[in-house]
Amino acid sequence: LVYWHDWSGLLHGLVAAVGRRDRAGLAVVRPALDAFTTAGAIVGLTHFQCEYAAACLVHHEIDAARNALAAARDLVAHTGNAYHEPEIHRLEAEALLIDRGAAAIDEARRGFERARDQARDRGAVALQVRSLTADVGAAKRLGHPCTAQAAQLARGLSDYPLTPIP
């Protein structure tokens with residue numbers, strides 16, 4: 001029962017922090033993550049840490065996001081469960097762009113590419129698409145052209161029942 005209580009708190013906080021763009025949601029998510037960690041929960045924790053990091057980035061809480069990503073990376077190293085590892089790379093790239101803007105575009109793109117490559121290797125199409133859309137979105141926001149890899153991947157994804165990305 002405690003697990004589900006913490007899980008519902010985590011989801012409630014994410015909805016507030018990301019969906020409603022309410023910074024107070026971050027204060028709900030952090031204790032839920034801490035409770036999972038204290039209880040020794042491992043399943044899903046990397047994903048939850050990545051979601052918390054993403055919520056932190058919405059509010060430009062870069063240090064908190066990077067701390068969550070470091071914890072996620074440590075958990076991947078400890079457990080070997082690397083399914084969400086591509087998200088760590090994608091979110092680190094997003095943090096770079098928020099922190100340093102256009103000056104970090106090349107480094108961020110390498111992070112997006114690393115995330116796409118890992119997602120592809122794991123058969124995680126949804127994570128591959130997330131990285132692709134982050135890369136293309138960053139390029140458009142900063143006035144940079146799409147990388148050849150991103151354009152090729154977008155064309156290749158048109159084979160899936162998804163809306164192709166221009």
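Note that the structure is a prediction, hence the values are computed from the model and not measured. (Residues numbered from 1 in each chain as written. Predicted model: local features only at pLDDT ≥ 70, side-chain atom pairs only at ≥ 80, totals over all residues. Heavy atoms only, no water.)

Visitor: Break down the pattern of salt bridges for me, with residues and values.
Guide: By the definition in use, this model includes 14 salt bridges. A salt bridge links Arg 130 to Glu 87; the nearest nitrogen and oxygen atoms lie 2.9 Å apart. Pair noted here: Arg 130 is in helix H7 (residues 125–142) and Glu 87 is in helix H5 (residues 85–100), with a separation of 43 residues, a long-range link. (Salt bridge = Lys/Arg side-chain N within 4 Å of Asp/Glu carboxyl O. Helix = DSSP H or I, 4+ residues; strand = E, 2+ residues; numbered from the N terminus.)

Visitor: Which residues make up the nonpolar core, and what values go with them?
Guide: Ranked by size, the top nonpolar core spans 29 residues in total, and within it Leu 10, Leu 33, Tyr 52 and Leu 91 carry the most contacts. Elements with a minimum of two residues in this core: helix H1 (2–19), helix H2 (24–38), helix H3 (45–58), helix H4 (62–79) and H5. When residues in this core are grouped by element, the largest group, nine residues, is from H3. Those residues within four positions of Tyr 52 in sequence are excluded, and the remaining contacts are Leu 14, Leu 26, Val 29, Arg 30, Leu 33, Ala 64 and Ala 68. Ranked by size, the runner-up nonpolar core spans seven residues in total, among them Leu 97, Ile 105, Ala 108 and Phe 112. (Core = buried A, V, L, I, M, F, W, Y, C linked by side-chain atoms within 4.5 Å. Buried < 20%, exposed > 50% of the residue type's maximum accessible area, 1.4 Å probe, protein only. Contact = heavy atoms within 4.5 Å.)

Visitor: How would you summarise the layout of surface pockets if you had to cite specific residues and measurements?
Guide: Considering only enclosed or pocket space, the largest pocket measures out at about 190 Å³ in volume. In this structure, the largest pocket is lined by Val 18, Glu 51, Ala 54, Ala 55, Leu 57, Val 58, Arg 90, Leu 91, Glu 94, Ile 98 and Arg 130. Broken down by secondary-structure element, the contributors of at least two residues to the lining of the largest pocket are H3 and H5. For the lining of the largest pocket, the leading source of residues is H3, giving five residues. Here the lining of the largest pocket is built from residues that sort into seven nonpolar, no polar and four charged. (1 Å grid on protein atoms, 1.4 Å probe; cavity = no way out; pocket = protein on both sides within 12 Å on 5 of 7 lines; lining within 4 Å. Points joined across faces, edges and corners; volume = space filled by probe spheres on them. Nonpolar A, V, L, I, M, F, W, Y, C, P; charged D, E, K, R; others polar.)

Visitor: I'd like to hear about the packing of H1 against H3, residue by residue, with values.
Guide: Running from amino to carboxyl end, H1 crosses H3 at an angle of 25 degrees, the nearest separation of the two axes being 9 Å. On the basis of their axis angle, the class for H1 and H3 is roughly parallel. Both H1 and H3 take part in a crossing whose hand is left-handed. Listed contacts from H3 to Trp 7, Leu 10, Leu 14, Ala 17 and Val 18 of H1 are Phe 48, Glu 51, Tyr 52, Ala 55 and Val 58. Within the contact of H1 with H3, the residues separate by chemical class into nine nonpolar, no polar and one charged. (Axes fitted to C-alpha atoms, helices over the stretch in contact; angles between N-to-C directions. Parallel < 35°, antiparallel > 145°, perpendicular 65-115°, else oblique. Left-handed = near helix turned anticlockwise from the far one by under 90°.)

Visitor: Describe H2, naming the residues involved and giving the relevant values.
Guide: Look at H2: 22 Å from first C-alpha to last across 15 residues, which is about the 21 Å you get at 1.5 Å a residue. Along H2, the residues that are buried comprise Gly 25, Leu 26, Val 29, Ala 32, Leu 33 and Phe 36. One face of H2 carries all of its buried residues, which in axial projection span an arc of 130 degrees. Structural note: H2 exposes Ala 27 and Thr 38 on the side pointing more than 90 degrees away from its buried face. Looking at the buried positions of H2, the neighbouring elements they touch are H1 and H3. (Expected span 1.5 Å × (residues − 1). Arc of directions from axis to C-beta.)

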